[in-house]
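These are the residues of each chain, in order.
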Amino acid sequence: MRKLGREADMLADTHKIFFITNNDHKVKEANRILSPFGIELIKSNFIKLEIQSKSLKKIAKYAALFATKRMFKPVIVEDSGLFIKALKGFPGPFSSYVYDKLGCEGILKLMNDINDRTALFKCVVSFCQPNSKPIIFEGIVYGEISFEIRGNSGFGFDPIFIPKFGNGLTFSEMPPEDKDRLSHRGKAFRKFGEWYISNILNLK
Ligand code: IMP
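Keep in mind that this is a model prediction, so the values were computed, not measured. (Residues numbered from 1 in each chain as written. Predicted model: local features only at pLDDT ≥ 70, side-chain atom pairs only at ≥ 80, totals over all residues. Heavy atoms only, no water.)

### Comments concerning the site of the ligand
Here is the rule we go by: Definition of nearness: a residue and a molecule or strand are near each other if at least one heavy atom of the residue lies within 4 Å of the molecule or strand. Any pair of nitrogen or oxygen atoms within 3.5 Å is treated as a polar contact; in protein, a donor-acceptor pairing is required on top of that, and neighbouring residues in sequence qualify only through side-chain atoms on both sides. Accessibility throughout is a Shrake-Rupley quantity obtained with a 1.4 Å probe, and a residue counts as covered only by protein chains that appear here. Note on definitions: the grid is 1 Å and covers protein atoms alone; a cavity is a set of points where a 1.4 Å probe fits but cannot get out; a pocket is an open set with protein on both sides within 12 Å along at least five of seven lines; lining residues have an atom within 4 Å of a point. Just a note on the criterion: a molecule sits in a pocket or cavity if more than half of its atoms are within 2 Å of the grid points. Here a strand is any run of E in DSSP of at least two residues, a helix any run of H or I of at least four, and the numbering for each starts at the N terminus.
Near the ligand lie 14 residues; those nearest to it are Lys26, Ser80, Asp158, Lys179 and Arg185. Taking Lys179, its side chain carries an N or O atom lying 2.8 Å from an oxygen atom of the ligand. For the ligand, the protein covers 93% of the area, taking 490 Å² as the surface of the free molecule. A majority-of-atoms criterion places the ligand in the largest pocket. Put simply, the parts of the chain that give the shell around the ligand at least two residues each are strand 3 (75–84), helix 4 (95–110) and helix 6 (184–199). Here the shell around the ligand takes 3 residues from helix 4, the largest share from any one element.

This is the structure:
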């Protein structure tokens, strides 16, 4: 990440953008990641349109466009998912539904006899301004599915995901700043923050 100290000081006000989500964990993480950029995301109660698609990009694009057209404000939508190699990418775009129905235990059961634990998390951030097309920022973190549930922090599949370069800990076992440094969400929102500073605030 670039040094943002001076630029962040130059921002008289925090820039507030609506975040279309009902997931408080995502809001908390995104705001931790974006605070060095002087950007604050405000959770919006606007109902997120969820189209059926295998592509996180398409889902996030449509939802952002739909919300911007009705709210007449710049918005952010984020779609993310866990892709497990041995399960041919499952649960992928269905991660939220699968987490609600099966949880971490269900995934561990599905992988009971599987030695190849390779997996990745992907995050797509879609930023859309009125009368513009959505702009997309992506982040991926590679890793493995653990053999048991480990740790207490975070949300969703954090207790069973061991990111590469995380000293063998699951996301749930590490401090939040370490998750942000390694995570799919950290990567995608930092790309957005850099872009916003250069293209919207014209600070570069
Ligand atoms: P959606 O983006 O609202 O469709 O939800 C994606 C789902 O993937 C979440 O409900 C979580 O179950 C899971 N997920 C996405 N990102 C993370 C993460 O950072 N940690 C753990 N689980 C996640």
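### Observations regarding the layout of surface pockets
Our working definition: Grid points are joined across faces, edges and corners, and a volume is the space filled by probe spheres set on the points. Polarity classes work like this: nonpolar for Ala, Val, Leu, Ile, Met, Phe, Trp, Tyr, Cys and Pro, charged for Asp, Glu, Lys and Arg, and polar for all others, with Gly in that last group.
In this structure, the largest pocket spans a volume of roughly 830 Å³. Along the wall of the largest pocket there are 33 residues; nearest its centre are Lys26, Glu50, Ser95, Ser96 and Tyr97. Elements that contribute at least two residues to the lining of the largest pocket include exactly strand 3, helix 4 and helix 6. Counting residues per element, the lining of the largest pocket draws most heavily on helix 4, which supplies 5 residues. When the residues that make up the lining of the largest pocket are grouped by side-chain class, the tally is 12 nonpolar, 13 polar and 8 charged. In this structure, the second largest pocket spans a volume of roughly 170 Å³. Considering the residues around the second largest pocket, the lining is formed by 13 residues, among which Glu29, Arg32, Ser153, Gly154 and Pro176 are closest to the centre. Top contributing element to the lining of the second largest pocket by residue count: helix 2 (residues 24–34), with 4 residues. Considered class by class, the residues forming the lining of the second largest pocket number 5 nonpolar, 3 polar and 5 charged.

### Quick word on the pairing of strand 2 (residues 39–44)
Selection rule: DSSP-based pairing: two strands are paired if at least 2 bridges between them are found.
Of the pairings in the sheet, the one linking strand 1 (residues 15–20) to strand 2 comprises 6 bridges and is parallel in character. Bridging from a neighbouring strand, Phe18 pairs with Ile42 of strand 2.

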